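Each chain, written out:
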Number of protein chains: 2
Amino acid sequence: MANGLPNPLLTAGAARSLVDSVDAFLFDCDGVIWKGDQLIEGVPETLDLLRKMGKKLVFVTNNSRKSRRQYSKKFRALGLEVTEEEIFTSSFAAAMFLKLNNFPPEKKVYVVGEDGILEELRLAGFECLGGPEDGKKNILLEANFYFEHDKSVGAVIVGLDQYFNYYKMQYASLCIRENPGCLFIATNRDPTGHMTSAQEWPGAGTMVAAVSCSVQKEPIVVGKPSSFLMDFLLKSFNLETSRMCMVGDRLDTDILFGQNTGCKTLLVLSGEKLLLLLFHMCRIILPIMPNQVSNAVWTCIAIAGVTTLSELQDASNTIHPDLYTNSIYDLVGLLQQ
Amino acid sequence: MANGLPNPLLTAGAARSLVDSVDAFLFDCDGVIWKGDQLIEGVPETLDLLRKMGKKLVFVTNNSRKSRRQYSKKFRALGLEVTEEEIFTSSFAAAMFLKLNNFPPEKKVYVVGEDGILEELRLAGFECLGGPEDGKKNILLEANFYFEHDKSVGAVIVGLDQYFNYYKMQYASLCIRENPGCLFIATNRDPTGHMTSAQEWPGAGTMVAAVSCSVQKEPIVVGKPSSFLMDFLLKSFNLETSRMCMVGDRLDTDILFGQNTGCKTLLVLSGEKLLLLLFHMCRIILPIMPNQVSNAVWTCIAIAGVTTLSELQDASNTIHPDLYTNSIYDLVGLLQQ
């Protein structure tokens with residue numbers, strides 16, 4: 001409740017104590033580092049500064065369309081040097097979940113999703129079917145048509161799938177319903193995602209909702225906000241969660257994930273230029289008239305109609321980050337004040 | 001609690017008093033009259049008998065794949081004489097919902113669904129887009145790609161759609177999210193349906209769940225168990241709901257619809273031959289050893305693994321029909337005893 005706000009705005013002082021109190025920053029990617037294939041302004045400078053300050057950087061994404069290897073390529077294409085080991089994707093988490101749970105090697109995995117999941121499963125030594133290929137398959141609901149499925153499928157993984165169709169929905173449903181003990185795993189349940197820079201698109205949550213409705217069963221979620229990913233992260237690095245800060249643009253995945261795992265949390269907003277200006281103004285008013293900032297911020301929000309901030313402000317919201325700001329680039333300006 | 005059962009089995013006496021106490025029978029179609037394109041055994045004889053007894057017959061289906069005209073053709077193809085006026089589909093209900101709510105004629109309707117919805121909308125004078133045609137459209141999630149949608153869409157209708165894809169999900173989401181006042185209408189929320197006689201398939205509920213997740217909004221439901229369809233039915237016929245019996249195979253749609261609208265309710269099961277035999281045996285035991293019937297029935301259910309009956313028996317179930325039996329054909333045998 002600092003600044004008179006229900007969720008405190010990141011100020012120069014808050015930025016300095018945040019950086020002093022953590023050894024690692026965990027970044028969500030879509031909406032924080034990039035939008036679609038477009039890098040968000042000031043990201044390279046921010047990551048450089050944090051690395052120079054000796055901070056460990058980790059990238060945790062629910063987007064299962066790519067594998068860790070493919071994400072590392074994407075980072076490089078955008079001019080950022082990030083290694084595979086610094087990347088934790090929900091596609092990787094799904095494969096690791098099976099490995100950790102001793103999934104029998106003779107069983108197969110049916111994938112409602114894209115290449116990232118297939119690649120991570122194959123790297124982990126599992127045989128899989130489905131994926132983009134089944135996106136070309138149609139069904140004709142004709143009399144006496146019987147839809148066959150592989151009885152040796154022991155797990156169905158559902159992730160974001162731009163080739164989602166009725167064929168895959170029925171294949172996944174039959175495996176989960178009819179193959180004894182078949183696991184139903186969701187990479188994540190994000191309702192939407194920044195698949196392109198221009199607008200939001202249906203997220204993995206929509207495919208998960210469809211399959212979950214068909215089989216009338218809830219999935220095991222391996223991505224954020226489930227703490228499953230954190231287990232691997234902690235095994236890979238010698239870190240304490242209390243000395244980590246999770247940075248993300250979604251309350252229900254990123255901030256909740258950070259809270260579920262004991263991290264500090266920083267919410268970033270849409271990265272819109274209009275907001276940047278408003279936040280800059282608020283930071284100027286803050287030292288002079290602290291009590292006026294709350295009203296000023298919420299008035300700006302009402303005018304700008306920012307979804308994430310409206311959610312944050314909503315009385316029904318129970319997820320409150322430790323801090324929030326417009327974009328991670330704000331750290332650069334604030335730390336240099 | 002008659003027969004010592006939580007939900008009473010239809011006996012000769014119960015069948016006679018049911019027929020005496022109602023003027024009309026409302027039948028669900030998928031799983032009651034047919035499965036996919038296959039007529040369920042004894043249906044023609046049962047409908048004939050009820051018509052001879054002066055009962056009004058009405059067919060109420062949540063399956064939006066066909067219009068009333070197309071359903072009337074299907075009935076005829078299966079050897080049943082049923083007029084369009086006796087058929088109430090969720091596709092028709094969706095069009096009537098817009099008509100009743102004075103949907104502006106200059107606005108368009110985007111359809112996630114099949115021909116039945118398009119035909120009913122056109123018959124009601126509305127301009128629509130989407131439907132099976134958009135099932136052929138793909139998107140490539142490339143940088144700077146912007147998905148355009150028609151700003152004059154004032155309603156999105158989501159029904160069962162074997163051509164469901166990511167394109168339609170995004171089109172529907174953008175209309176609901178960005179067109180001011182755009183209605184989000186679901187024909188129904190059935191998780192599964194008997195699209196073919198051989199097995200169950202994902203129902204309209206799966207498409208509705210996906211779109212609902214994407215837009216984070218609940219739809220207006222016009223099919224069962226919503227009482228919306230009943231309003232039309234009552235306008236068409238001079239009947240009282242207390243003198244109607246709703247016959248269906250789903251607790252959460254058919255039986256709930258009957259109860260929501262004040263009808264008597266009769267649940268029919270899967271129509272399997274094994275069950276027919278078991279029920280026959282139970283009816284023989286009933287007059288001799290009433291207290292043994294409960295155990296006998298539930299033991300049979302446990303062995304047969306019948307989903308609907310397991311649901312009915314489940315402690316968490318709150319929807320209890322007035323009566324249940326194997327198939328509507330049982331009425332013929334029981335009424336002739």
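Residues numbered from 1 in each chain as written. Chains lettered and ligands numbered in written order. Predicted model: local features only at pLDDT ≥ 70, side-chain atom pairs only at ≥ 80, totals over all residues. Heavy atoms only, no water.

A.B. asks: Which parts of the structure should I look at to understand the overall build of chain A?
C.D. replies: Across its full length, chain A holds 13 helices and 15 strands. When each of the 337 residues of chain A is scored for burial, the buried share is 60%. Once local pairs closer than 6 in sequence are excluded, the contacts in chain A between residues at least 24 apart make up 72%. A total accessible area of about 13300 Å² is found for chain A, and carbon and sulfur atoms account for 52% of it. (Helix = DSSP H or I, 4+ residues; strand = E, 2+ residues; numbered from the N terminus. Buried < 20%, exposed > 50% of the residue type's maximum accessible area, 1.4 Å probe, protein only. Contact = heavy atoms within 4.5 Å. Areas by Shrake-Rupley, 256 points an atom, 1.4 Å probe, with all protein chains shown as cover.)

A.B. asks: Whenever I open this one, the pairing of strand S6 (residues 108–112) of chain B confuses me. Can you help?
C.D. replies: Residues and elements named next belong to chain B. Counting buried residues in S6 gives five out of five residues, a clear majority hidden from the surface. Neither face of S6 is left uncovered, since the one carrying Lys108, Tyr110 and Val112 and the one carrying Val109 and Val111 both have all their residues buried. Inspection of the sheet shows S6 paired to strand S7 (residues 127–130) by four bridges, in the parallel sense. Looking across to S7, one finds that Tyr110 is bridged to Leu129. In this fold, S6 hands off to helix H5 (residues 115–123), which returns the chain to S7; that crossover is right-handed. Strand direction decides the pairing type here: S6 and strand S8 (residues 153–158), joined by five bridges, are parallel. Note that in S8 the partner of Lys108 across the bridge is Val153. (Pairing = 2+ DSSP bridges. Right-handed = clockwise from strand over helix to strand, strands pointing away.)

A.B. asks: Looking at this structure, I do not really get the UniProt feature "binding site: substrate" (unreviewed entry) in chain A. What am I missing?
C.D. replies: All names here are of chain A. In this structure's numbering, the residues bearing the UniProt feature "binding site: substrate" (unreviewed entry) are Lys224. Along the chain, Lys224 falls in the loop between strand S12 (220–221) and helix H8 (228–236). A relative accessible area of 1% places Lys224 in the buried class. In contact with Lys224, not counting residues within four places along its chain, are Asp28, Val60, Thr61, Asn62, Asn188, Leu229, Met246, Thr253, Asp254 and Phe257. At 2.9 Å, the side chain of Lys224 and the side chain of Asp28 are in polar contact. (UniProt positions renumbered as here; feature names shortened; annotations may be inferred. Polar contact = N/O pair within 3.5 Å; in protein donor to acceptor, adjacent residues only side chain to side chain.)

A.B. asks: Help me understand the relation of the copies chain B and chain A, please; the structure alone is not making it clear to me.
C.D. replies: Two copies of a chain can be linked by a rotation about an axis combined with a shift along that same axis. Once chain B has been moved 0.0 Å along the axis and rotated by 180°, it coincides with chain A to within an RMSD of 0.0 Å. As the rotation angle and translation indicate, the two copies are arranged about a two-fold axis. A share of 100% of the interface residues of chain B reappears at the interface of chain A, consistent with the copies meeting face to face through the same patch. (Least-squares fit on C-alpha atoms with pLDDT ≥ 70 in both.)

A.B. asks: Explanation requested: the environment of B:Glu133 in the structure shown.
C.D. replies: Along the chain, B:Glu133 turns up in the loop between S7 and S8. Along the primary structure B:Glu133 and B:Asp115 are separated by 18 residues, whereas in three dimensions their C-alpha atoms are 9.8 Å apart.

A.B. asks: I tried to follow the interface of chain B and chain A on my own but got confused; where do I start?
C.D. replies: Think of interface size as the accessible area that goes away when the parts come together; that is how it is often given. On the side of chain A, 41 residues touch chain B, which itself brings 41 residues to the contact. Summed over both partners, the interface of chain B with chain A buries about 3500 Å², with 61% contributed by carbon and sulfur atoms. Joining chain B to chain A, the criterion identifies zero salt bridges. On the surface where chain B and chain A come into contact, there are six residue pairs in polar contact (both at pLDDT 80 or more). For the side of chain B that touches chain A, the secondary structure elements donating two or more residues are helix H6 (166–178), strand S11 (201–202) and helix H7 (204–215) of chain B. (Buried area = accessible area lost by both parts, 1.4 Å probe. Salt bridge = Lys/Arg side-chain N within 4 Å of Asp/Glu carboxyl O.)

A.B. asks: Help me understand the sheet that holds strand S13 (residues 244–248) of chain A in this model?
C.D. replies: By definition, the strands of a sheet pair up through backbone hydrogen bonds, in either a parallel or an antiparallel sense. Residue and element names in this part refer to chain A. Pairing is parallel in the open sheet, where six strands are placed in the order S5-S4-S1-S13-S14-S15. The two strands at the open ends of the sheet, each matched to only one other strand, are strand S5 (87–89) and strand S15 (323–325). Direction aside, neighbouring strands of the sheet carry axes that sit 20° apart on average. With three bridges joining them, strand S14 (residues 264–268) and S15 adopt parallel strand pairing. The residue bridging Leu267 from the neighbouring strand is Tyr324, located in S15. Against the sheet, helix H3 (residues 68–77) touches strand S4 (56–61) and S5, its axis set at about 125° to S5. (Axes fitted to C-alpha atoms, helices over the stretch in contact; angles between N-to-C directions.)

A.B. asks: Help me understand the packing of aromatic side chains, please; the structure alone is not making it clear to me.
C.D. replies: According to the stated counting rule, one finds 35 aromatic pairs over all chains in the structure shown. Considering the side-chain rings of A:Phe103 and A:Phe126, the 5.7 Å spacing of their centres and the 80° angle between planes classify their relative orientation as edge-to-face. Taken together, the residues A:Phe103 in the loop between helix H4 (90–100) and strand S6 (108–112) and A:Phe126 in the loop between helix H5 (115–123) and strand S7 (127–130) connect sequence positions 23 residues apart. Residues A:Phe103 and A:Phe126 agree in their burial class; the two are buried. Ring geometry for A:Trp201 and B:Phe145: centres 6.0 Å apart, planes at 25°, overall stacked. You can see A:Trp201 sitting in strand S11 (residues 201–202) and its partner B:Phe145 sitting in the loop between S7 and S8, one on each of two chains. Ring-pair connections join several aromatic residues into one group, and the members of that group are A:Tyr110, A:Phe145, A:Phe147, A:Tyr166, A:Tyr167, A:Tyr171 and B:Trp201. (Phe/Tyr/Trp six-rings, centres within 6.5 Å; stacked < 30°, edge-to-face > 60°.)

A.B. asks: How should the sheet that holds strand S12 (residues 220–221) of chain B be read in this particular structure?
C.D. replies: Residue and element names in this part refer to chain B. Taken together, the five strands give an open sheet; going across it, the order is S7-S6-S8-S9-S12, and neighbouring strands pair in parallel fashion. Two strands in the sheet have a free side with no partner beyond their single neighbour: S7 and S12. As paired elements, S8 and strand S9 (residues 183–186) share four bridges and run parallel to each other. By the bridge assignment, Ile157 is partnered in S9 with Ile185. The strands that H5 touches are S6, S7 and S8; relative to S6, the one it contacts most, it runs at about 165°.

A.B. asks: What is the right way to read the nonpolar core from this model?
C.D. replies: Within soluble globular proteins, side chains that are nonpolar tend to cluster in buried spots. Among the nonpolar cores identified, the biggest contains 58 residues, and A:Tyr110, A:Val156, A:Tyr166, B:Tyr110, B:Val156 and B:Tyr166 are the most heavily contacted of them. If we ignore the near neighbours within four places in the chain, the residues touching B:Tyr110 are B:Leu129, B:Gly130, B:Asp134, B:Val153, B:Ala155, B:Val156, B:Ile157, B:Tyr167, B:Lys168, B:Tyr171, B:Ala172 and B:Cys175. (Core = buried A, V, L, I, M, F, W, Y, C linked by side-chain atoms within 4.5 Å.)

A.B. asks: Please clarify how the UniProt feature "binding site: Mg(2+)" (unreviewed entry) in chain A should be interpreted in this entry.
C.D. replies: Residue and element names in this part refer to chain A. Summarizing the sequence annotation, UniProt attributes the feature "binding site: Mg(2+)" (unreviewed entry) to Asp28, Asp30 and Asp249 in the numbering used throughout. Taking the farthest pair of C-alpha atoms as the criterion, the annotated set spanning 222 residues converges on one region, since that pair is 8.3 Å apart. As for its position among the elements, Asp28 is in the loop between strand S1 (24–27) and strand S2 (34–35). The class of Asp28 is buried, set by a relative accessible area of 6%. Setting aside residues up to four positions removed in sequence, Asp28 forms contacts with Ile33, Val60, Thr61, Lys224, Met246, Val247, Gly248, Asp249 and Asp254. The topology assignment puts Asp30 in the loop between S1 and S2. Judged by its relative accessible area of 12%, Asp30 is buried. What Asp30 contacts, discounting residues up to four positions off in sequence, is Thr61, Asn63, His194 and Asp249.

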